[in-house]
Amino acid sequence: MFIVGELINSSRKPIKAAADAKDSEEIQKIARDQHDHGADYIDVNAGVYVGKEAEYMQWLIQTVQEGVDAPCCIDSPDPKVVEAAIKVHKGTPMVNSISLEKARYDALLPVVANTDIKVIALCMSDKGMPETKDDRVAIAEGLINSLVKNNVAIENIYVDPLVQPISTKDDYGIEFLNAIEAIMNGFPGVHTICGLSNISYGLPERKLVNQTFAVMAIAKKLDGAIINPLDKRMMANITAAETLIGKDEFCSNYLTAYREGHLKL
Ligand code: THG
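Everything numeric in this text was worked out from a predicted model, so none of it was measured.

Rules used throughout
- Each chain has its residues counted from 1, following the order in which its sequence is written.
- For this predicted model, a pLDDT threshold of at least 70 governs which residues receive local features, and a threshold of 80 or more governs which side-chain atom pairs are given and counted, while totals over whole chains, interfaces and linings are taken from all residues.
- As a rule here, side-chain values come from all non-hydrogen atoms in the structure, and water together with hydrogens is ignored.
- By the criteria applied, helices consist of DSSP H or I runs no shorter than four residues and strands consist of E runs no shorter than two, each listed in order from the N terminus.
- Radius of gyration here uses only the C-alpha atoms, and the compact-globule reference equals 2.2 Å multiplied by the residue count raised to the power 0.38.
- Contacts are assigned to residue pairs with any non-hydrogen atoms lying within 4.5 Å of each other.
- Computed by Shrake-Rupley with a 1.4 Å probe, the accessible areas treat only the displayed protein chains as cover when residues are assessed.
- Asp and Glu are treated as the negative residues and Lys and Arg as the positive ones, with His and the ends of the chain left uncounted.
- Charge positions come from single atoms, namely NZ of Lys, CZ of Arg, CG of Asp or CD of Glu.
- Three labels apply to residues, based on accessible area from a 1.4 Å probe with only protein chains included: buried if under 20% of the type maximum, exposed if over 50%, partly exposed otherwise in between.
- In protein, a polar contact requires one atom able to donate a hydrogen and another able to accept it; more generally it is a pair of N or O atoms within 3.5 Å, and residues adjacent in sequence count only if both atoms are side-chain atoms.
- Only a single heavy atom is needed: when it lies within 4 Å of a molecule or strand, its residue is near that molecule or strand.
- By definition here, a salt bridge exists when the distance from a side-chain nitrogen of Lys or Arg to a carboxyl oxygen of Asp or Glu is within 4 Å.
- When DSSP finds two or more bridges between a pair of strands, those strands are recorded as paired.
- Lines fitted to C-alpha atoms define the axes here, with helix axes fitted over just the stretch in contact, and angles between the N-to-C directions of these axes take values from 0 to 180 degrees.
- Aromatic rings from Phe, Tyr and Trp, taking only the six-membered ring of Trp, are treated as a pair when their centres fall within 6.5 Å; an angle between ring planes under 30 degrees marks them as stacked, one over 60 as edge-to-face, and anything in between as tilted.
- A ring is considered to have a charge above it if a Lys NZ or an Arg CZ atom is located within 6 Å of its centre and within 35 degrees of its normal.

(A) Expanded view of the overall build of the protein chain. A count of helices and strands for the protein chain gives ten helices and eight strands. Taken against the 2.2 N^0.38 rule, which gives 18 Å for 265 residues, the C-alpha radius of gyration of the protein chain at 18 Å falls within 12% of a compact globule. Across its three principal directions, the C-alpha atoms of the protein chain cover 45 × 40 × 35 Å. Sequence-distant contacts in the protein chain: of pairs separated by 6 or more residues, those separated by 24 or more amount to 68%. For the protein chain, the exposed area adds up to about 12500 Å²; of that, 52% sits on carbon and sulfur atoms. Across the protein chain, 27 positive and 37 negative side-chain charges occur, with their mean positions spaced 2 Å apart.

Listed below in structure tokens is the structure:
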């Protein structure tokens, strides 16, 4: 599983406080902790700084990368902020995200075309958020076909079918899960990813809902997730679920995780 650590997000109080105070050490500690617990990429989101998002995004990226040797997942809907972030990023970043919204698509396509940048293709269009599996697959198909046509390697595309809160509509879980299955079976080589925790918005005991949903999505072949890697049960669930769907020859990852103490909760 490709893990993006979600914690460097300015909508979280400790991050907003640290960024306001330009407390580099606190940001670096949280980034390093996530990397040490298995994050492949560190998500960076400066969305609360309206009007100053680019400036804060650049400071956060530079600060993270001075503290930990890991690439960032540049999390902004604003192409200008994404471009500013890429300018200061060391190594190859991930862009979070392009979508089928025309203005966003047209501005970000030249940024990712003919590069090795990994790109999250978010299933949103100018018609708004998808409701059904078919809505999600139609947007995914549009994004995958046009990205590939423009020289983005299919292996660098991470489709995010968009998780919506189960508290707002009973069908949102199953429509998302069926979209993961259809996209992974329909477009060989492509990856899928999502911000799992949107599913539990508005419910108590959110971690339980997130952890359970992760396992269900892995059964449909989800192979990336934007999560809190410090959540031990989430990480243990992911390890066990991947073993159970046959992505772990001789259960060797499971046994290694056990020996390293990651499965004792
Ligand atoms: N898709 C894509 N990008 C995304 C999202 C998505 N970026 C933003 C968001 N959704 C994913 N990121 C977060 C970041 C923090 C939290 C939720 C989603 C959050 N964190 C808890 C907190 O603030 O305390 C801690 C989490 C925990 O302990 O389990 O709520 O959908 N492409």
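(B) Quick look at the side chain of Ser 10. As for its position among the elements, Ser 10 is in the loop between strand S1 (2–9) and helix H1 (13–20). Taking the relative accessible area as the measure of exposure, Ser 10 reaches 2% and is therefore buried. A distance of 3.2 Å separates a polar atom in the side chain of Ser 10 from the backbone nitrogen of Val 48.

(C) The arrangement of the site of the ligand in detail. Taken together, 13 residues lie near the ligand, and Arg 12, Asp 75, Asn 96, Asp 160 and Asn 228 sit nearest. Between the ligand and Glu 6 there is a distance of 3.4 Å, counted from a nitrogen atom to a side-chain nitrogen or oxygen. Contact between the ligand and Asn 198: an oxygen atom at 3.0 Å from a side-chain N or O atom of the residue. Burial of the ligand by the surrounding chains reaches 73%, relative to a free accessible area of 670 Å².

(D) Geometry of the pattern of salt bridges. Enumeration over the complete set of coordinates arrives at six salt bridges. Note that Asp 20 and Lys 16 form a salt bridge whose closest N and O atoms lie 2.8 Å from each other. On the criterion of helical spacing, the pair formed by Asp 20 and Lys 16 is a turn pair, its members being four residues apart in helix H1. Note on Asp 20: relative accessible area 42%, which makes it partly exposed. Note that Lys 169 is salt-bridged to Glu 131, the shortest N-O span being 2.8 Å. Taken as a pair, Lys 169 in the loop between strand S6 (157–160) and helix H7 (172–186) and Glu 131 in the loop between strand S5 (118–125) and helix H6 (133–149) lie far apart in primary sequence, 38 residues in all.

(E) The arrangement of the sheet that holds strand S7 (residues 191–192) in detail. Taken in spatial order, the eight strands line up as S7-S6-S5-S4-S3-S2-S1-S8 in an open sheet, and their pairing is parallel. The open sheet is flanked by S7 and strand S8 (224–227), the only strands paired with a single partner. The pairing of S6 with S7 spans two bridges and is parallel. Across the sheet, the residue bridging to Val 159 is Thr 192, located in S7. Across the sheet, H6 touches strand S4 (94–100), S5 and S6, and the angle it forms with S5 is around 140 degrees.

(F) Main features of the packing of aromatic side chains. Inspection of the entire model under this criterion finds four aromatic pairs. With 4.9 Å between their ring centres and 35 degrees between their planes, Phe 2 and Tyr 158 make a pair best called tilted. Within this pair, whereas Phe 2 is found in strand S1, its partner Tyr 158 is found in strand S6, the two being separated by 156 residues in sequence. Neither residue differs from the other here; Phe 2 and Tyr 158 are each classed as buried. In textbook terms, an aromatic cluster arises when at least three aromatic residues are bridged by ring pairs, as seen for Phe 2, Tyr 41 and Tyr 158. The aromatic ring of Tyr 56 is capped on one face by Lys 22, whose charged end is 5.0 Å from the ring centroid. In this structure, Lys 22 packs its charged tip against the face of Trp 59, placed 5.7 Å from the ring centre.

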